[in-house]
Amino acid sequence: MHKLQDKVVLVTGGSSGIGLASAQLFQAQGAQLAVTGRDPQTLEQANDALGGKALVIRSDAGRLDAIDDMMAQVRARYGRLDVLFINAGVARPAPIELTSEEAFDEQMGVNLKGVFFTIQKALPLFADNGGSIIVTTSITNQLGSPNFSVYGAAKAGLRSLVKSLALELVGRGIRVNAVSPGPIATPMFDRLGLPPELAAAKKQAIADKSPSRRFGTAHEVAKAALFLACDDSSYLVGEEIVIDGGMSLL
Ligand SMILES: NC(=O)c1ccc[n+]([C@@H]2O[C@H](COP(=O)([O-])OP(=O)(O)OC[C@H]3O[C@@H](n4cnc5c(N)ncnc54)[C@H](OP(=O)(O)O)[C@@H]3O)[C@@H](O)[C@H]2O)c1
């Protein structure tokens, strides 16, 4: 028996990296999927990677009207939701002097505000016997990370959100938990806009600093997300699983 047999699962930011690896693992475990992202080309690739069987939605995770529309599409296709993996996230690292209000608002909007309202707007889709909500945070929510102050603050807010909403929703049989990745090899690092040589040097420095001497893989995070999505974690409430090769222990 598959771990998510016939469960309806929505993965935001499911078109790339951790979200796509999770969507593929969930699908292999019997889930019926909806995935989101913004970039049409990446969404097309995700559609292919998921064998054309998933509901692929172009949606901005930071906009409330887009979240409403996303939920309407999930309802129209599947009629309900069993698992919600809120994974879409954006990082725009910069020193404080160079951080614009627009960059601040985007990171807070997608990484914190959008998560809160995605949970709020998903609730009517959860059946009476509950379900599982998983949020992707980051180890920057407990470490000081120069140039990632806004991103880290949004992810720290998420950590708090997960605990409080876990207590609000556990009575309805909905478990809320988080995965907290350390450095994971995904396209995210390449989107930071660093020149290729600097990006390679930064990646090497991060790998050298890690107790595990490497980046994690998206699949390693996906396995933790699957654990939180399915009944194997039936007594886990408001927890955050850190997947970082030991980085945050330093
Ligand atoms: N990689 C790491 O080292 C690391 C470490 C800690 C935490 N994380 C977290 O892990 C999550 C997944 O990141 P990843 O590493 O897998 O990066 P990724 O490969 O860049 O994937 C990010 C996903 O989020 C989507 N996304 C970004 N902004 C969005 C928006 N406004 N609306 C809708 N979708 C949006 C992207 O879609 P589009 O491309 O179409 O925008 C993509 O599907 C994020 O929450 C990130 O903060 C990553």
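Here the structure is shown first, and the text comes after it.
Nothing here was measured: the structure is a model prediction, and the numbers come from that model.

### A word on the sheet that holds strand 3 (residues 55-58)
Think of a sheet as strands paired side by side through backbone hydrogen bonds, with each pair either parallel or antiparallel.
Thinking step 1. The strand order 3-2-1-4-5-6-9 describes an open sheet built from seven strands, whose pairing is parallel. With partners counted over all chains shown, the strands left at the sheet margins are strand 3 and strand 9 (240-243), one partner each. Across this sheet, the average inter-strand angle for adjacent strands is 15°, counted without regard to direction.
Thinking step 2. Here strand 2 (residues 32-37) pairs with strand 3 via four bridges, running parallel. Following the sheet pairing, Ala34 is matched in strand 3 by Leu55.
Thinking step 3. Contacting strand 5 (131-136), strand 6 (174-181) and strand 9, helix 5 (residues 149-169) runs over the sheet at an angle of about 160° to strand 6.

### Observations regarding the packing of aromatic side chains
Thinking step 1. Counted by the stated rule, this structure contains four aromatic pairs.
Thinking step 2. A ring pair is formed by Phe148 and Tyr151, whose centres lie 6.0 Å apart and whose planes are at 70°; its orientation type is edge-to-face.
Thinking step 3. By relative accessible area, Phe148 is classed as partly exposed at 24%.
Thinking step 4. We classify Tyr151 as buried; its relative accessible area is 9%.
Thinking step 5. Ring centres of Phe189 and Phe215 lie 6.1 Å apart, and the angle between their planes is 90°; this geometry places the pair in the edge-to-face category. Residue Phe189 is found in the loop between strand 7 (184-185) and helix 6 (196-209), and its partner Phe215 is found in the loop between helix 6 and strand 8 (216-217); the two are separated by 26 residues along the sequence.
Thinking step 6. What makes Phe189 buried here is its relative accessible area of 16%.

### A word on the side chain of Asp244
Thinking step 1. For Asp244, the location among the structural elements is in the segment after strand 9.
Thinking step 2. Within the buried core, Asp244 has no salt-bridge partner, and the shortest N-O distance to an opposite charge, that of Lys209, equals 10 Å.
Thinking step 3. From its side chain, Asp244 meets the backbone nitrogen of Ser248 in a polar contact 2.6 Å long.
Thinking step 4. Residues within four places of Asp244 in sequence aside, it is in contact with Ile139, Gly182 and Ser210.

### Focus: the site of the ligand
Thinking step 1. Near the ligand lie 28 residues; those nearest to it are Ser16, Arg38, Asp39, Tyr151 and Thr186.
Thinking step 2. Asn87 has a polar backbone atom sitting 2.8 Å from an oxygen atom of the ligand.
Thinking step 3. Here an oxygen atom of the ligand and a side-chain polar atom of Arg191 are 2.8 Å apart.
Thinking step 4. Contributing elements (two or more residues each) for the shell around the ligand: helix 1 (17-28) and helix 5.

### Comments concerning helix 7 (residues 218-229)
Thinking step 1. Compared with the 16 Å implied by 1.5 Å per residue over twelve residues, the 16 Å span of helix 7 between its first and last C-alpha is a close match.
Thinking step 2. For helix 7, the full list of buried residues reads Ala218, Val221, Ala222, Ala224, Ala225, Leu226, Leu228 and Ala229.

### A few points about the environment of Pro183
Thinking step 1. Considering the arrangement of structural elements, one finds Pro183 in the loop between strand 6 and strand 7.
Thinking step 2. By relative accessible area, Pro183 is classed as buried at 15%.
Thinking step 3. Separated by 134 residues in the primary sequence, Pro183 and Ala49 place their C-alpha atoms 24 Å from one another.

### What to know about helix 2 (residues 40-49)
Thinking step 1. When helix 2 is considered as a whole, its buried residues turn out to be Thr42, Leu43 and Ala46. Seen end-on, helix 2 carries its buried residues on one side only, within an arc spanning 100°. Opposite its buried face, helix 2 presents the exposed residues Gln41 and Asp48, each directed more than 90 degrees away.
Thinking step 2. In this fold, the buried residues of helix 2 make contact with helix 1, strand 2 and strand 3.
Thinking step 3. Backbone geometry just downstream of helix 2 places Gly51 in the positive-phi region, at approximately 65°.

Calculation criteria
Residues numbered from 1 in each chain as written. Predicted model: local features only at pLDDT ≥ 70, side-chain atom pairs only at ≥ 80, totals over all residues. Heavy atoms only, no water. Pairing = 2+ DSSP bridges. Helix = DSSP H or I, 4+ residues; strand = E, 2+ residues; numbered from the N terminus. Axes fitted to C-alpha atoms, helices over the stretch in contact; angles between N-to-C directions. Contact = heavy atoms within 4.5 Å. Phe/Tyr/Trp six-rings, centres within 6.5 Å; stacked < 30°, edge-to-face > 60°. Buried < 20%, exposed > 50% of the residue type's maximum accessible area, 1.4 Å probe, protein only. Lys, Arg positive; Asp, Glu negative; His and termini not counted. Salt bridge = Lys/Arg side-chain N within 4 Å of Asp/Glu carboxyl O. Polar contact = N/O pair within 3.5 Å; in protein donor to acceptor, adjacent residues only side chain to side chain. Near = heavy atom within 4 Å. Expected span 1.5 Å × (residues − 1). Arc of directions from axis to C-beta.

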